[in-house]
Amino acid sequence: MNSKKLTHFILGAMVLGVLVGYLVNLYGAGTSFPDQYVLYISILTDVFLRLIKMIIAPLVFATLVVGIAKMGDASTIGRVGLKTFSWFISMSLVSLLLGLVMVNILHPGIGVELTLPEIAANTGLNKASLNFPDFVRHIFPISIFDAMAKNEILQIVVFAVFFGVGAAGMGARADEFIRNLDMLSHIMLKITTAVMKMAPIAVFSAVSSVIAENGVSILMTYGKFMLSFYAAIFTLWIVIILISSLVLKNRTWALVKMLREPALLAFTTASSEAAYPMTLERVERFGCKNKIASFVLPVGYSFNLDGSMMYCTFAAIFIAQVYGIEMELSQQLLMLLVLMITSKGIAGVPRASLVVIAATLSQFNLPEAGVLLILGVDHFLDMARSATNVLGNGLATAVISKWEGELEG
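The structure displayed is predicted, hence computed values, not measured ones.

Participant: I would appreciate a short explanation of the overall build of the chain in the present structure.
Facilitator: Counting its secondary structure elements, the chain contains 19 helices and 0 strands. Among the 409 residues that make up the chain, the fraction classed as buried is 56%. Of the roughly 17700 Å² that the chain leaves accessible, carbon and sulfur atoms contribute 65%.

Participant: What is the right way to look at the packing of aromatic side chains in this model?
Facilitator: One pair of aromatic rings is described through two measures. These are the centre distance and the angle between the planes. Scanning the entire structure with this criterion turns up 14 aromatic pairs. Judged by centre distance (5.5 Å) and plane angle (65°), the rings of Phe61 and Phe163 are edge-to-face. Taken together, the residues span a long stretch of sequence, with Phe61 in helix α2 (residues 33-71) and Phe163 in helix α6 (residues 153-169) at a distance of 102 residues. Residue classification places Phe61 among the buried positions, given a relative accessible area of 12%. Given the relative accessible area of 29%, Phe163 is considered partly exposed. Grouping aromatic residues by their ring pairs yields a cluster made of Phe225, Phe229, Tyr230, Phe267, Tyr311, Phe314 and Phe318. Across the ring face of Phe286, the terminal group of Arg251 is positioned such that the distance to the ring centre comes to 4.2 Å.

Participant: Sorry if this is basic, but what is going on with the side chain of Ser272 here?
Facilitator: Turning to its location among the elements, Ser272 is positioned in the loop between α12 (260-269) and α13 (276-286). Every residue in contact with Ser272, bar those within four places of it in the chain, is listed here: Ala266, Tyr301, Ser386, Asn389 and Val390.

Participant: In this structure, what is going on with a nonpolar patch on the surface? I would like to understand it.
Facilitator: Together, Leu16, Leu19, Tyr22, Leu23, Leu26 and Tyr27 make up an exposed nonpolar region whose accessible area comes to about 610 Å². Positionally, Tyr22 belongs in helix α1 (residues 3-27).

Participant: What's the story with the nonpolar core in this structure? I'm lost.
Facilitator: If you look at soluble globular proteins, the nonpolar side chains tend to sit buried side by side. Counting 137 residues, the largest nonpolar core has Phe48, Phe225 and Tyr311 as its most contacted members. Per element, the largest residue contribution to this core is 19 residues, and it comes from α2. Non-local contacts of Tyr311, meaning those with residues more than four positions away in its chain, are made with Phe225, Phe229, Ala316, Ser353, Leu354, Ile357, Ile374, Asp378, Leu381 and Arg385.

Participant: How should the environment of Gly21 be read in this particular structure?
Facilitator: By the element assignment, Gly21 lies in helix α1. Once the C-alpha coordinates of Gly21 and Ile211 are considered, the two residues, 190 residues apart in sequence, prove to be 4.8 Å apart. With near-sequence residues (within four places) excluded, Gly21 lies in contact with Ser208, Ile211 and Ala212.

Participant: Explain the pattern of salt bridges to me, please; I cannot follow it from the model alone.
Facilitator: Pairs may arise between side chains of opposite charge once their charged atoms sit close together. Applying the stated criterion across every chain, the model contains 12 salt bridges. Linking Arg260 and Glu261 is a salt bridge whose minimum nitrogen-to-oxygen distance equals 3.3 Å. We note a salt bridge from Glu281 to Arg285, for which the minimum N-O separation is 2.8 Å. Remark: Arg285 and Glu281 occur in helix α13; sequence separation between them is 4 residues, near one turn of the helix. The network of salt bridges with shared partners includes Arg260, Glu261, Glu281, Arg282 and Arg285.

Participant: For this particular structure, what's the right way to read the packing of helix α8 (residues 199-214) against α12?
Facilitator: Axis angle and axis distance: for two packed helices, these are the angle between their axes and the distance between the axes, and together they describe the pair. Between α8 and α12, the shortest axis-to-axis distance is 8 Å and the interhelical angle comes to 35°. Of the residues in α12, those in contact with Ala199, Val203, Ala206 and Val207 of α8 are Leu265, Thr268 and Thr269. Across the contact of α8 with α12, the residue classes break down as 5 nonpolar, 2 polar and no charged.

Participant: I keep staring at α2 and nothing clicks. Help me out?
Facilitator: Under the 1.5 Å per step criterion, the end-to-end length of α2 is 56 Å for 39 residues, consistent within 8% with the ideal 57 Å. For α2, the principal kink sits at Ile43 and spans about 30°.

Rules of the game
Residue positions are given per chain, counting from 1 as you read along its sequence in written order. Reporting of local features is limited, given that this is a predicted model, to residues whose pLDDT is at least 70; pairs of side-chain atoms are given and counted only at 80 or more, and all residues count toward the totals for whole chains, interfaces and linings. The basis for every side-chain value is the complete set of non-hydrogen atoms in the structure, without hydrogens or water. Numbering of helices and strands runs from the N terminus, with a helix taken as a DSSP run of H or I at least four residues long and a strand as a DSSP run of E at least two residues long. For the exposure calls, accessible area comes from a 1.4 Å probe over protein chains only, and a residue counts as buried if that area is under 20% of its type's maximum, exposed if over 50%, partly exposed in between. For the area figures, the Shrake-Rupley method with a 1.4 Å probe applies, and any residue is considered shielded solely by the protein chains shown. Planes of paired rings set the category: under 30 degrees apart is stacked, over 60 is edge-to-face and the rest tilted, where pairs are Phe, Tyr or Trp rings (Trp by its six-membered ring) whose centres lie within 6.5 Å. Two conditions define a charge located above a ring, namely a distance within 6 Å from the ring centre to NZ of Lys or CZ of Arg, and an angle within 35 degrees of the ring normal. We call two residues in contact when some of their heavy atoms are within 4.5 Å. Residues enter a patch when their relative accessible area is above 30% and they make no salt bridge; the linking distance is 9 Å between like charges and 5 Å between nonpolar side chains (Val, Leu, Ile, Met, Phe, Trp, Tyr). Any carboxyl oxygen of Asp or Glu that lies within 4 Å of a side-chain nitrogen of Lys or Arg is treated as forming a salt bridge with it. Side-chain atoms within 4.5 Å are what join buried Ala, Val, Leu, Ile, Met, Phe, Trp, Tyr and Cys residues into a set we call a nonpolar core. Working convention: axes come from line fits to C-alpha atoms, limited for helices to the stretch in contact. Angles between N-to-C directions cover 0 to 180 degrees. In this classification, Asp, Glu, Lys and Arg are treated as charged, Ala, Val, Leu, Ile, Met, Phe, Trp, Tyr, Cys and Pro as nonpolar, and every other residue, Gly included, as polar. By this rule the span expected of a helix is its residue count minus one, scaled by 1.5 Å. Throughout, bend refers to the angle between the axes fitted to the seven residues that end at a position and the seven residues that start at it.

Shown next as structure tokens:
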């Protein structure tokens, strides 16, 4: 199935999913049928995501070790790492600041007539998992097998860096092993091609189950908030593309076009992980050398989540607006700086963005139960966040490749 066909199939599956989900919710009202439908149809999405996650650990490990071994000396690795993190930190600030600006311009929480949750209501989110000491400990794996079993990308990256540097230091003696790892990465990509044929079915399952469970009415209730956030995300896309074009020049739009399919897959499944193998394949086809792409992309999945970071500032101020709480500009900027730090603990935390928001609200005397206001539509917002994360990481990979003089074409 070529990329154009896949795009059409995914879009068709999404439209069909909305229609079927609406009919199930409408005609199954007052019965247990919608719940039963969601229970069984969501199996298809879960199987697809499990198959993708099955691929990610060996793919990240193999490609990263091969890439680092090809880089050679530690100074090259350090230079690429410094450029990568400089770009990630800069884009984090841009994303957080733009979220702050857009929510103050659009005021999505003003005039929203919703039943506010009790101040002490339980959000069900584990904020204890979000603190700096635990995050630092979490970076380093106890065992590579444990990290792979749990699909902890950041821990796999750390081990792969050490392993790759060690392999590079072995010289010619490690060549055969590196060739075998390179073959492993190609086998994983071959498996990805087969798994991707199931993507439209998974998209239909994901969309129809959400609509069947919540109904279309939830989109109307939160319409202003959702439209405002999507407008903010669209603005962020433009900003990311324009900043990247300062480095990539007239090739930027060609890459954006190539990232269309992985971004669409991330959007429809609300999972940027699902698009990782395809994103890697697309940036390499664009001209990024494997040794750069295999380093920048997996690291970006932990540290360069542009869409998720914009959502943090946008949602936090939205909650303040709904409660009628005025926040001074100085408080908002302080919140931005706090989120700049806490958002780096996103990796490995379930419902990461919501956990970060809940933890931040309490620090600024905002009722953290306000997170309950957005729980119902978080899936639809996560779709936009996931697609944005894919775009941001794809462009970042090309930018670092260009800076290193490793971009072909």
